[in-house]
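Here is what each chain is made of, one letter per residue.
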Amino acid sequence: MDVSAAASVPKSEIYLADYRPPAFAIDHVQLTFRLFDDFAEVEAVSDVRRQEKGTAPLMLDGGPYMDLVSVAVDGEALTGNAYTLGSDSLTLHDVPDQFSLRIVTRLKPQENTRLEGLYHSGGNFCTQCEAEGFRHITYFVDRPDNLARYSVRIEANKARCPVLLSNGNPGDAGDLNERRHFAEWHDPFPKPSYLFALVAGKLGVLSDSFTTESGRDVALNIYAAPADLDKCGYAMQSLKRSMKWDEEAFGREYDLDVYNIVAVGDFNMGAMENKGLNIFNSKYVLASPDTATDTDFDRIEGIIGHEYFHNWSGNRVTCRDWFQLSLKEGLTVFRDQQFSSDMTSRAVKRLDDVRLLRMLQFPEDAGPLAHPVRPEKYIEINNFYTVTVYNKGAEVIRMMHRLLGADGFRAGTDLYFDRHDGQAVTCEDFVKAMEDANGADLGQFRLWYSQAGTPKLTVERMRDGNQVTLTITQSCPPTPGQAEKLPFHMPFMVGWVGADGAEIRPTIAADGTWHEDGCLLDLRQERQQFVFEGVPEGAVPSLLRDFSCPVLMTSDLTEAEFAFLSGADTDAFARWEATQTLVSNLLVRVVEGDEPLTSLPSHLTDAYGAVLTDENTDPALIAELLMLPSEIDVGQKLKVLEAEKLHKARETVLHLLVKAHGGVMRSRYEALASDGFFQDQDAKAARKLRNVLLGYLALGEDGEALVKTHYDGADNMTDQMAALSLVTDSDFACRKVVLDDFYAQWKDNTLVIDKWFAVQANSKREDTVEVVRALTNHEAFTIKNPNRLRSLVSSFSMLNQVRFHSEDGAGYRFLADMIEAVDAINPQMAAKLVAPLGRWRRLEGRARDMMQESLRKIAGNAATSDDVRELVEKSLT
Ligand code: TRP
Ligand code: ZN
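Here the structure is a predicted model, which means the values were calculated and not measured.

Q: Please explain the overall build of the chain as it appears in this structure.
A: Each helix and strand counted, the chain has 26 helices and 34 strands in total. Relative to the compact-globule value of 29 Å for 877 residues, the chain shows a C-alpha radius of gyration of 28 Å, a close match. Referenced to the eigenvectors of the C-alpha coordinate spread, the extents of the chain come out at roughly 85 × 65 × 60 Å. Relative to its full complement of 877 residues, the chain shows a buried share of 60%. By sequence separation, contacts in the chain at least 24 residues apart represent 71% of the contacts at least 6 residues apart. When the accessible surface of the chain is split by element, carbon and sulfur atoms take 50% of a total near 33,300 Å². For the chain, the centre of its 92 positive side-chain charges and the centre of its 132 negative side-chain charges are spaced 2 Å apart.

Encoded structure:
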């Protein structure tokens with residue numbers, strides 16, 4: 001196995017415009033896996049068929065980490081001159097138009113630290129083939145537009161691997177001899193190679209069943225390490241809720257006899273939708289109230305749903321090529337968001353999604369790694385599993401849902417699934433189905449797929465008697481490779497709140513229609529005017545309701561009007577946004593104006609007072625309203641990111657709010673205490689609000705006593721973590737004791753210890769960089785496990801803005817060192833750490849130089865992988 005040969009051939013750019021269907025198709029493949037302790041042998045027998053006229057050779061994708069044992073065409077073994085073996089391909093020169101191809105390869109799963117292809121996790125065999133992992137198992141047409149039927153046979157040691165799983169429905173199984181056994185699996189649905197999966201090992205199983213709408217009985221199994229089986233119940237309930245929901249909301253039924261989920265501890269991403277055999281990061285399966293927070297439970301439900309929904313949006317209808325990734329991911333994220341909204345609170349879920357989009361996707365869209373939802377070129381496809389493709393992609397789907405209405409959208413997805421079942425298609429095909437089902441024209445709307453960057457909107461009012469004209473202008477900043485942008489088509493939702501706080505509905509002339517939750521304006525031009533008639537004096541517009549399009553908006557609303565909306569708006573997003581704006585405007589003034597902050601404007605203090613005493617609103621939403629905008633959010637509004645100044649100013653606002661409202665906060669905190677632990681929505685909302693209040697009260701006089709009591713009295717992980725993070729952030733005398741206590745209590749639970757690392761990486765204390773660096777030497781730290789790595793390194797570099805940007809540049813140097821160390825074992829993971837180093841344009845002076853210095857160091861390292869190099873080089877330009 002010559003690995004060095006591969007490293008010496010840098011990958012080149014692949015363009016969407018160059019797309020051509022594969023010259024050869026593989027329609028069926030019979031795979032036999034012979035698994036042993038220190039290697040695996042894979043025999044692949046494929047039915048190959050020439051699709052493109054001519055005599056072109058057969059080029060198969062492969063990788064440098066496997067050995068080719070033999071190749072045979074129609075039973076005839078090939079000798080060396082009949083084929084060319086490259087580091088990432090196998091070319092067969094003279095092949096017939098149709099033949100049977102037999103290839104035997106040998107792999108070393110136990111040495112695979114890249115966690116791609118066939119690897120070991122927790123002593124078990126598992127696979128990860130998206131996007132291009134299958135080529136590390138055998139030589140193949142490893143691209144999503146090759147749909148094949150798979151028959152799989154697995155042979156392994158009985159004691160070592162009692163459980164043998166693959167895609168589809170189970171077939172024959174039995175003993176080979178005293179030590180070894182086999183199992184066969186058949187997947188009747190043609191699928192691309194990225195959906196192939198295999199699991200073999202010692203696993204426990206939680207079983208249940210589901211009967212589909214049309215009466216099909218489906219066996220449901222969740223496999224996990226035997227000791228973790230008691231933590232699989234919530235995932236199972238979530239799976240059943242997902243199956244039911246997809247039938248009701250999208251008319252989609254499950255199609256196999258079994259649905260298997262396997263939880264593994266080492267996984268590069270969240271989970272994988274392999275047909276009939278999902279493989280999950282154990283973080284998104286395992287939960288019990290004492291080890292998982294309410295947020296963890298919600299995330300598990302969302303991801304179980306996400307992977308399940310892929311069975312239609314991704315598997316039955318798949319992607320033609322990887323430029324179309326958002327076809328499945330944007331749509332499936334939208335579907336999982338709708339599901340979670342129906343299971344929890346629609347308003348709060350929307351705020352969570354908007355917050356994530358702004359914290360992660362807006363900076364991506366504003367930086368050197370900006371790319372359209374449907375990218376035009378890439379070097380390493382793994383680098384395009386981005387928040388833009390996933391979350392902005394979901395916003396694009398959501399806008400179509402808004403423009404066409406719920407029924408029109410459903411008609412569109414019905415047509416899409418019906419028309420393209422069993423095909424590998426494009427984003428264009430999805431939009432076309434939406435148009436055809438609705439007789440709509442989404443011509444201009446398509447720009448959302450091709451133009452990168454976050455559009456900017458400005459809204460201005462002009463009053464003439466009772467007539468108010470809204471002038472809305474849009475623009476979009478340049479992004480790499482796209483200097484000029486055309487105007488987008490976007491749905492802009494607006495409402496009106498009368499001076500008495502009641503919702504009013506003035507008449508709109510054209511280009512607008514009233515819906516239940518507001519008036520929908522159709523934005524299409526650079527500058528557009530909308531005339532509302534009958535707007536009483538004192539009425540305030542509630543803009544961008546429900547965050548109806550993913551934009552950065554400024555308006556001529558006054559501070560007093562934001563304060564008013566913060567109490568009166570019926571739209572949860574607009575109300576929240578008004579409250580956030582009051583604070584972020586103040587923080588920007590303080591940081592950029594250098595004015596000392598000694599007291600808060602009274603409208604702000606009063607607005608928070610009103611929210612605190614609001615007893616008519618869902619406490620979960622009250623909690624959201626009380627959380628100040630994050631430093632990352634406000635940082636984006638500064639001309640230059642002055643992280644330290646911003647942090648101090650925000651701390652001051654928190655202190656001043658406690659000073660003003662400490663008494664009310666305290667009594668509401670106490671009123672929310674509960675006897676015993678409950679997991680219904682009301683109990684979760686109460687816990688959330690109580691923990692937000694604790695965050696404020698921690699800054700008050702008896703803060704330490706209160707937080708310590710909260711920690712000691714916690715009967716669930718949500719409360720325990722809330723207290724632990726406050727303690728970790730503080731100078732409390734009990735700090736070390738509590739951190740040690742937590743570690744001692746949970747040291748045998750890796751998922752909980754991840755939280756222990758993350759909370760320290762997120763600490764705003766001044767010594768955090770050194771603490772984080774020291775933690776890389778902790779007995780429980782390893783860069784081989786992606787969850788552990790993320791919990792320490794990504795938490796620090798992506799979430800802890802003020803400490804990552806420490807003035808001596810130690811944060812940047814730490815991250816660069818970690819990227820290089822991880823790159824040597826898992827390039828895909830290393831690449832996911834790069835983005836924060838690309839933000840140097842937001843800095844000035846020495847900070848800017850030091851960040852670029854860190855990038856140059858990685859770029860200058862000959863061992864740097866293609867994955868990391870693509871992002872580092874883009875980040876430098
Ligand atoms: N398709 C998966 C999802 O979103 C994503 C995924 C899982 C993935 N593992 C991966 C993508 C590894 C690239 C590489 O549900
Ligand atoms: Zn997905």
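Q: What exactly am I supposed to notice about the sheet that holds strand β4 (residues 58-61) here?
A: Reading across the sheet, the three strands line up as β4-β8-β7 and stay open at both edges, with antiparallel pairing between neighbours. In this open sheet, the two strands that pair with only one neighbour each are β4 and β7 (83-85). Taking the axes of each pair of neighbouring strands and ignoring which way they run, one obtains an average angle of 15° across the sheet. With three bridges connecting them, β7 and strand β8 (residues 89-92) associate as antiparallel partners. Counterpart to Thr84 in the pairing with β8 is Thr91.

Q: Can you walk me through the site of ligand 1 in this structure?
A: Around ligand 1 sit 16 residues in total, of which Glu130, Ala271, Glu273, Glu307 and Tyr390 are the nearest. Backbone polar atom of Ala271 to an oxygen atom of ligand 1: 3.5 Å apart, as the coordinates give it. The side chain of Glu273 places a nitrogen or oxygen atom 2.7 Å from a nitrogen atom of ligand 1. Alone, ligand 1 offers 370 Å² of accessible surface; in the complex the protein occludes 97% of this.

Q: Any chance you could explain the coordination of the zinc ion (ligand 2) here in plain terms?
A: When four donors bind a metal tetrahedrally, each ideal donor-metal-donor angle is 109.5 degrees, and when six bind octahedrally, the ideal angles are 90 or 180 degrees. Taken together, the protein ligands of the zinc ion (ligand 2) are His306 (NE2), His310 (NE2), Glu329 (OE) and Glu329 (OE), with distances of 1.9 to 2.7 Å. Considering all six donor atoms around the zinc ion (ligand 2), angles at the metal cover 48 to 160° and the coordination shape is irregular. Here the donor residues of the zinc ion (ligand 2) share one chain and are spaced in sequence as H-x3-H-x18-E. Given a relative accessible area of 7%, His306 falls into the buried group.

Q: Help me out: how do you make sense of the packing of aromatic side chains in this one?
A: Geometrically, a pair of aromatic rings is defined through the distance of the ring centres and the angle of the planes. A complete count under the given rule lists 36 aromatic pairs for this structure. Seen from their ring centres, Phe134 and Phe196 are 5.4 Å apart, and the 70° between their planes marks the pair as edge-to-face. On the criterion of sequence distance, the pair formed by Phe134 in the loop between β11 (124-128) and β12 (148-157) and Phe196 in the loop between β15 (180-191) and β16 (198-201) is long-range, its members being 62 residues apart. Phe134 gets classed as buried once you look at its relative accessible area, which sits at 0%. Plain terms: the ring middles of Phe323 and Tyr378 are 4.9 Å apart, the flat faces sit at 35° to each other, and that makes the pair tilted. In this pair, Phe323 sits in the loop between β22 (318-319) and α4 (325-343) while Tyr378 sits in strand β23 (residues 377-378), placing the two residues 55 residues apart along the sequence. For the pair formed by Phe323 and Tyr378, the shared burial category is buried. Grouping aromatic residues by their ring pairs yields a cluster made of Trp245, Phe250, Tyr254, Tyr259, Tyr308, Phe309, Phe334, Phe339 and Phe409. Of note, Arg114 hangs over the ring of Tyr65, and the distance from its end group to the ring centre comes to 3.4 Å.

Q: I'm lost on the environment of Leu286 in this one. Help?
A: One can find Leu286 in the loop between β21 (277-281) and α3 (294-309). A relative accessible area of 8% places Leu286 in the buried class. Separated by 212 residues in sequence, Leu286 and Asp74 have C-alpha atoms that sit 47 Å apart. Other than its neighbours up to four places away in sequence, Leu286 contacts Ala224, Asp228, Lys231, Cys232, Ile300 and Leu751.

Q: How do you make sense of empty space enclosed by the protein when you look at a structure like this?
A: Over the atoms rolls a probe the size of a water molecule, and its path tells where empty space is left. Here the structure, examined in full by the defined rule, presents three cavities of 30 Å³ or more. A volume near 50 Å³ is recorded for the largest cavity. As for the largest cavity, its lining consists of Pro363, Glu364, Gly367, Pro368, Leu369, Ala835, Gly838 and Arg839. The residue inventory of the lining of the largest cavity, partitioned by class, reads four nonpolar, two polar and two charged. Structurally, the lining of the largest cavity is a two-domain feature, drawing no fewer than three residues from each of domain 2 (317-450) and domain 5 (747-877).

Q: What is the right way to read the pairing of strand β9 (residues 98-107) from this model?
A: Consecutive side chains of a regular strand alternate in pointing toward one face of the sheet and then the other. Bridge analysis of strand β3 (residues 40-50) against β9 gives 10 bridges, and the strand direction is antiparallel. Paired with Glu41 across the bridge in β9 is Arg106. Bridge count for strand β5 (residues 67-73) against β9 is six bridges, and the pairing is antiparallel. By the bridge assignment, Ala72 is partnered in β9 with Arg102.

Q: Would you mind going over helix α11 (residues 602-612) with me for this structure?
A: Spacing of three or four residues puts side chains on the same side of an α-helix, whose turn is 3.6 residues. Listed as buried for α11 are Leu604, Thr605, Ala607, Tyr608, Gly609, Val611 and Leu612. Taken together, the buried residues of α11 touch α9 (559-568), α10 (572-593), α12 (619-626), α14 (643-671) and α15 (681-697).

Q: Would you mind going over helix α6 (residues 387-420) with me for this structure?
A: For α6, with 34 residues, the first-to-last C-alpha span of 26 Å runs short of the 50 Å given by 1.5 Å per residue. The largest bend along α6 reaches roughly 115° and is located at Gly405. Two residues or fewer after α6 comes Gly422, characterised by a positive phi angle close to 85°.

Q: So what exactly am I meant to see when it comes to the pattern of salt bridges here?
A: Side chains bearing opposite charge may pair, as long as their charged atoms lie close to each other. Enumeration over the complete set of coordinates arrives at 77 salt bridges. For the salt bridge of Arg102 with Glu43, the shortest nitrogen-to-oxygen distance reads 3.3 Å. Residue Arg102 is located in strand β9, and its partner Glu43 is located in strand β3; the two are separated by 59 residues in the primary sequence. Since its relative accessible area comes to 33%, Arg102 is described here as partly exposed. By relative accessible area, which is 14% here, Glu43 ends up buried. In this structure, the salt-bridge partner of Asp569 is Arg545, at a minimum N-O distance of 3.0 Å.

Q: When you look at the domain arrangement of the chain in this model, what are you seeing that I'm missing?
A: The accessible area lost on association of the parts is a frequent measure of interface size. Its domain assignment divides the chain into domain 1 (1-202), domain 2 (317-450), domain 3 (456-556), domain 4 (557-700) and domain 5 (747-877). Once you take the C-alpha centre of each, domain 1 and domain 4 turn out to be 54 Å apart.

Q: Honestly, the side chain of Ser797 in this entry has me stumped. Any pointers?
A: Here Ser797 is to be found in helix α21 (residues 786-799). Residue classification places Ser797 among the buried positions, given a relative accessible area of 6%. Those residues in contact with Ser797 that lie beyond four places of it in its chain are Phe804, Leu815 and Pro836.

Q: So what exactly am I meant to see when it comes to the pairing of strand β17 (residues 204-211) here?
A: For β17 and strand β18 (residues 217-224), the ladder comprises eight bridges, and the chain directions are antiparallel. In the strand pairing of β18, Ser209 is matched with Ala219. Counted between consecutive antiparallel strands, the loop separating β17 from β18 contains five residues, among which Gly215 sits at a positive phi close to 95°.

What counts, and at which threshold
- Residues numbered from 1 in each chain as written.
- Chains lettered and ligands numbered in written order.
- Predicted model: local features only at pLDDT ≥ 70, side-chain atom pairs only at ≥ 80, totals over all residues.
- Heavy atoms only, no water.
- Helix = DSSP H or I, 4+ residues; strand = E, 2+ residues; numbered from the N terminus.
- Rg over C-alpha atoms; globule rule 2.2 N^0.38 Å.
- Buried < 20%, exposed > 50% of the residue type's maximum accessible area, 1.4 Å probe, protein only.
- Contact = heavy atoms within 4.5 Å.
- Areas by Shrake-Rupley, 256 points an atom, 1.4 Å probe, with all protein chains shown as cover.
- Lys, Arg positive; Asp, Glu negative; His and termini not counted.
- Charge placed at Lys NZ, Arg CZ, Asp CG, Glu CD.
- Pairing = 2+ DSSP bridges.
- Axes fitted to C-alpha atoms, helices over the stretch in contact; angles between N-to-C directions.
- Near = heavy atom within 4 Å.
- Polar contact = N/O pair within 3.5 Å; in protein donor to acceptor, adjacent residues only side chain to side chain.
- Donors = N, O, S within 2.8 Å, 3.2 Å for Na, K, Ca; no water.
- Tetrahedral: all angles 85-135°; square planar, octahedral: opposite > 155°, others 65-115°.
- Phe/Tyr/Trp six-rings, centres within 6.5 Å; stacked < 30°, edge-to-face > 60°.
- Lys NZ or Arg CZ within 6 Å of the ring centre and 35° of its normal.
- 1 Å grid on protein atoms, 1.4 Å probe; cavity = no way out; pocket = protein on both sides within 12 Å on 5 of 7 lines; lining within 4 Å.
- Points joined across faces, edges and corners; volume = space filled by probe spheres on them.
- Nonpolar A, V, L, I, M, F, W, Y, C, P; charged D, E, K, R; others polar.
- Domains from an automatic or database assignment.
- Expected span 1.5 Å × (residues − 1).
- Bend = angle between axes of the 7 residues up to and from the residue.
- Salt bridge = Lys/Arg side-chain N within 4 Å of Asp/Glu carboxyl O.

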